[in-house]
Amino acid sequence: MQGTSPVIKAVASWLLALMLTIAAAVVAVYFVNAKAYGPEHQIRAYLQTVADGEGGQALGLLHASVPEANAALLDNDGLRASVKGLEVLEVGEPEDLGEDRVQVPVRYAYDGTEGTTGFVLENAGKHWMFFDTWEFVPSALPTVQVNAPALREANLNGVRVTLPEGVNTFAAFPLSRVAASYESPYLAAPEQHTVVTAESEEQLNLAPEATKDLISKVDTSIRAFLDECTAADRLAPPGCPFYHLTNNRVDQPIKWSIAQYPQVKLTQTEGRWVLSPLTGTARVTATQIDLFTGAKSPLVAEEGFTFNASLRVDGEEVSVTPQVD
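Presented here is an overview of the structure given in this document. (Residues numbered from 1 in each chain as written. Predicted model: local features only at pLDDT ≥ 70, side-chain atom pairs only at ≥ 80, totals over all residues. Heavy atoms only, no water.)

Pairing is antiparallel in the open sheet, where 5 strands are placed in the order β10-β9-β12-β13-β15. Two strands close off the open sheet at either side, each with one partner strand: β10 (159-162) and β15 (209-210). With 2 bridges joining them, strand β9 (residues 153-156) and strand β12 (residues 177-183) adopt antiparallel strand pairing. Paired with L156 across the two strands is A180, which belongs to β12. (Pairing = 2+ DSSP bridges. Helix = DSSP H or I, 4+ residues; strand = E, 2+ residues; numbered from the N terminus.)

Listed below in structure tokens is the structure:
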């Protein structure tokens, strides 16, 4: 363009530079909007508040309502423990759901076990004219029900909680890991856990088992009961499960001993501890006299016996009550 004046050239260069600047600004706004103000940003902000134990802020970000449930997992130590060990492996690309809503997949892992869940957010307008504002779609928090018929309390994410009538329901934040267990000197329930997703209603069932200390305590009580029975100088000690029948006359002293003590086995039925029938062998020694000849001879006999016993465990108190027909 040999005939083009310098002024026109300058204006054209200025316009080109302006267009490039505007294009660069548009690209910059696009990337800033996507990375700093996209729905993924809200998800990361939410997970950080949960990790910090800030339950109130997390509820505010989620726009979530709290159901009628125990709130032990919604703040402080219980909340922080609920995301301990969480690894966010990937916050995926938003999937358009229509009506200005998107679902964002989140791939995560707890202790090496991976899973995927989704969060639904909606566009709430612009911020500073250019940047999108995303908010979580309001919903109720999910819940976890803990069932343990034989217990009245449990450990939930390191927090001691009550289980009235052996059951309770707890509100939890999405993507938290809820772990329930129980341990006492006499009862122990191995840990059960679940990862809570946005709309889940999970259940954790605790099955308490008798500890070695409880079995030992019951065994000691049963042995003490039987040893007391052996002190009776009679062929049929009153209130005891063993006796000896004979047509001969038996002189005193009559001595009993336990040849084989019962083996203690505990089972659970409808939330109550039940002792399996107790079976053992008792030995009796004395001198017997034949009623026809008057001859004396040693009496040595072993008698098998079976009886039941009721068991009650109340905290650290254990009571065993033998039941002899």
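From this point on, the discussion continues.
In this model, helix α5 (residues 212-229) (18 residues) spans 26 Å end to end at C-alpha, consistent with the 26 Å of a helix rising 1.5 Å per residue. Burial in α5 covers these residues: L214, V218, I222, F225, L226 and C229. Angularly, the buried residues of α5 cover 100° about the axis, an arc narrow enough to put them on a single face. Within α5, the exposed residues directed more than 90 degrees away from the buried face are K212 and E228. (Expected span 1.5 Å × (residues − 1). Buried < 20%, exposed > 50% of the residue type's maximum accessible area, 1.4 Å probe, protein only. Arc of directions from axis to C-beta.)

One broad rule of soluble globular proteins: the nonpolar side chains tend to lie buried together. Among the nonpolar cores identified, the biggest contains 49 residues, and L156, V178, V218, I222, L226, F242 and V320 are the most heavily contacted of them. What V320 contacts, discounting residues up to four positions off in sequence, is V218, S221, I222, L275, A309, S310 and L311. Residues V106, Y110, F119 and L175 belong to the second largest nonpolar core, which totals 24 residues. (Core = buried A, V, L, I, M, F, W, Y, C linked by side-chain atoms within 4.5 Å. Contact = heavy atoms within 4.5 Å.)

Moving on: the state of the cysteines. Taken as a whole and judged by the stated rule, the model has 1 disulfide. There is a disulfide in this structure between C229 and C240, and the S-S distance comes to 2.0 Å. For the disulfide bridge between C229 and C240, the dihedral angle about the S-S bond is near -95°, and by the sign convention the bridge is left-handed. Placement of C229 in helix α5 and of C240 in the loop between α5 and β16 (249-260) is noted, with a sequence separation of 11 residues between them. Judged by relative accessible area, C229 falls into the buried class, the value being 4%. (Disulfide = S-S within 2.5 Å.)

This part covers the sheet that holds strand β14 (residues 201-205). Read across the open sheet, the 3 strands follow the order β11-β8-β14; overall the sheet is mixed. Since the sheet does not close on itself, it has two edges, and those belong to β11 (167-171) and β14, each with one partner. Neighbour-to-neighbour, the strand axes of the sheet open up by a mean angle of 20°, direction not taken into account. As judged from the 5 bridges shared by strand β8 (residues 143-147) and β14, these two strands associate in the parallel manner. The residue bridging T143 from the neighbouring strand is E201, located in β14. (Axes fitted to C-alpha atoms, helices over the stretch in contact; angles between N-to-C directions.)

Let us now look at the side chain of T281. By the secondary structure assignment, T281 is in strand β19 (residues 278-289). Under the relative-accessibility criterion, T281 is labelled buried at 17%. For T281, the residues in contact, after removing those within four places along its chain, are I258, A259, Q260, E302, E303, G304 and F305.

Before going further, it helps to spend a moment on unusual backbone geometry. In this chain, Q252 is followed by P253 through a cis amide linkage whose omega measures 10°. Along the chain, P253 falls in strand β16. Its identity is not glycine, yet D111 carries a phi of approximately 50°, on the positive side. Considering the arrangement of structural elements, one finds D111 in the loop between β4 (101-110) and β5 (113-127). By relative accessible area, D111 is classed as exposed at 63%.

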